[in-house]
Amino acid sequence: MRDIQLVWFKRDLRIRDHAALTAAAARGPVLCLYVYEPVLLQADDHDAIHLDFVNGCLHELSTSLRARGILLHRRTGDIVPVFEALRAEIAMLATPSRLETIWAHEETTGWTAYQRDRDVRRWCRERGVAFHELPQTGVVRRLASRDGWASAWEARMAARPLPTPPQIEGITLTETGTAFDSTALPPTAAVRQSLQLGGESAARDTLRSFLRERGVNYRVEMSSPVTSFDACSRLSAYMSVGAISVRTCEHSARARLVQLADALDAGEFVDLRWRNSIGSFRSRLRWHCHFMQKLEDQPRLEFETMCDAYVGLRNEQQVDAARLDAWIHGQTGYPLIDACMRAVRATGWLPFRMRAMVVSFASYHLWLHWRFTAPLLAQHFLDFEAGIHYSQFQMQSGVTGINAVRIYNPVKQAVEQDPDGRFIRTWVPELAAVPLESLAEPHRMPVMLQAMYGIQIGRDYPNPIVDNVTAMRAARDQVWAVRKAPGTRQAARRVYDKLGSRKEPFHQRDIR
Ligand SMILES: Cc1cc2nc3c(=O)[nH]c(=O)nc-3n(C[C@H](O)[C@H](O)[C@H](O)COP(=O)(O)OP(=O)(O)OC[C@H]3O[C@@H](n4cnc5c(N)ncnc54)[C@H](O)[C@@H]3O)c2cc1C
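Quick caveat: nothing in here was measured; it's all calculated off a predicted structure. (Residues numbered from 1 in each chain as written. Predicted model: local features only at pLDDT ≥ 70, side-chain atom pairs only at ≥ 80, totals over all residues. Heavy atoms only, no water.)

Let us now look at the packing of aromatic side chains. In total, this model carries 14 aromatic pairs according to the counting rule given. Considering the side-chain rings of Phe229 and Phe423, the 6.4 Å spacing of their centres and the 35° angle between planes classify their relative orientation as tilted. Here Phe229, found in helix α9 (residues 228-231), pairs with Phe423, found in helix α19 (residues 422-427); they are 194 residues apart in sequence, far enough to count as distant. Overall, Phe229 belongs to the buried group, its relative accessible area being 19%. (Phe/Tyr/Trp six-rings, centres within 6.5 Å; stacked < 30°, edge-to-face > 60°. Helix = DSSP H or I, 4+ residues; strand = E, 2+ residues; numbered from the N terminus. Buried < 20%, exposed > 50% of the residue type's maximum accessible area, 1.4 Å probe, protein only.)

Right under this line is the structure:
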């Protein structure tokens, strides 16, 4: 009887540093599988852009496996019936065989996948199939306390990335599925203009170009929408589907630092900005896991407000549809907000500061509950990663209890982050002729001036949806009323104990 090892590829679409593939190959004949799961494809934070990206990664993965004589089986359906069918097919093979073990990586994603994994575990128990889930990031399962998490992360990252197993004995079943077509999904509003392409080699090229060429001034250029598209690593989409591991990124960054130090020692010219930039990049790799750990420790974060004291601050039952629509379509009358929303719909990406700003605008200026805005924006982020996304949405909406309240002023940000108006003019072409001094607030141009530049605010471009200063003040007052209320501090303390970073002790946090 042959014991078949099934490698279930999920969000680990690579062959390098793949612990599950390595372990399975060492144990016996391997069946490689990817499953398109309707329950995940139909989730309200999923979009056809994600499926296209996954298909790009799967194309390369299946080519890499085929080069080693292994077929990547693709199936579509609910996971338990798919496993049940595969188990039966394996039992029918000419050589007597049985499905012995399913190998996968631990996954920290949304509630639906969390429930799905529980179903898989139950099915495996009932069928006597072993199910091994191996870590692939710095996220720790069943973490008893946040204290010591940072050293656990260091230990995970210290191990060298695994090479592709040199020998894999593959199993091929007769009937295999094909790529699931993204046009089979509900129509998407996204414009596929310049999205990143999926695949492990694209991920590695992106890492290499960041560490060797693009990233030299990352630390300074990461926030502006003008410079960040090139200066940031742009690795997030690849990490979200596991086309590259966090550990590979961390090790490559360390290797680059060593190489720079060696060059310095050898008396070669080294641009010293590299050192700070790579340092900032490495901190963010840690943040990646830190934020995902929050969802791992509290899976309901996807739909429950982090700090109880803020439940009811905004209306969770009903949304102001006109405001939501203006925001997501980039029609708020605030040029930098609108440019960002239109850019993200076309490119699938924004730098951190612009993400924080558009969410701050939705949550504070427009007073929309994050439960409505978060899934909608997730559809447009190619790098959608539930653990980071929902935690950040709650943070930028001021409901975590453990972070400073930060309300971004979209007018000030436009002046500071897009100083010559290039980004706004690119994405809001109706403002192309508006002079720089009026670009952040075109509605303030006198009518005569508007006529001179051939634009009429209110007709060609919207008037501001809300008054900037009044809306910020009203939001601040409402959030602070909760912050100062009795019981809020204790509620915040509970959040800190369970989910807070230990970089600063609770009493030093700006939470009053
Ligand atoms: C409201 C909001 C939602 C967000 N949603 C996501 C999301 O769905 N997926 C996602 O990967 N990031 C998300 N981020 C974090 C951050 O904006 C992106 O990781 C970053 O812009 C991705 O670009 P990059 O790969 O060039 O990042 P770089 O700046 O080059 O950073 C390298 C890596 O570090 C990690 N990282 C960087 N910044 C952060 C951060 N603040 N928190 C956690 N990890 C970070 C990412 O994995 C990133 O790929 C969100 C931020 C905000 C404010």
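Structure shown, so let's carry the discussion forward.
This part covers the pairing of strand β5 (residues 130-134). Only one face of β5 is covered, namely the one carrying Phe131 and Glu133; the face carrying Ala130, His132 and Leu134 has none of its residues buried. Across five bridges, strand β4 (residues 97-105) lies against β5 in parallel orientation. Looking at β5, one finds that Thr101 is bridged to Ala130. (Pairing = 2+ DSSP bridges.)

Next up on the list: unusual backbone geometry. One non-glycine residue, Asp17, lies in the positive phi region at around 50°. Here Asp17 lies in the loop between β1 (2-9) and α1 (19-27). The phi dihedral of Arg234 falls on the positive side, at around 65°, and the residue is not glycine. By the element assignment, Arg234 lies in the loop between α9 and α10 (236-240).

What the domain assignment reports for the protein is domain 1 (2-162 + 177-183), domain 2 (198-297) and domain 3 (302-502). Taken together, the contacts link 33 residues of domain 1 with 30 residues of domain 2. With both sides pooled, the region where domain 1 packs onto domain 2 buries about 2,900 Å², and carbon together with sulfur makes up 54% of that total. When the area that domain 1 buries against domain 2 is broken down by residue, the three leading residues are Phe53, Trp153 and Met157, summing to 21%. Summed over the shared surface of domain 1 and domain 2, the number is four salt bridges. Where Arg16 meets Glu200, a salt bridge forms, and the shortest distance between an N and an O atom there is 3.1 Å. Taken together, domain 1 and domain 2 are joined by 20 residue pairs in polar contact (both at pLDDT 80 or more). Sorting the residues of the side of domain 1 that touches domain 2 by element identifies α3 (48-66) and α6 (149-158) as the ones contributing at least two each. Across the side of domain 1 that touches domain 2, the residue classes break down as 16 nonpolar, five polar and 12 charged. (Domains from an automatic or database assignment. Contact = heavy atoms within 4.5 Å. Buried area = accessible area lost by both parts, 1.4 Å probe. Salt bridge = Lys/Arg side-chain N within 4 Å of Asp/Glu carboxyl O. Polar contact = N/O pair within 3.5 Å; in protein donor to acceptor, adjacent residues only side chain to side chain. Nonpolar A, V, L, I, M, F, W, Y, C, P; charged D, E, K, R; others polar.)

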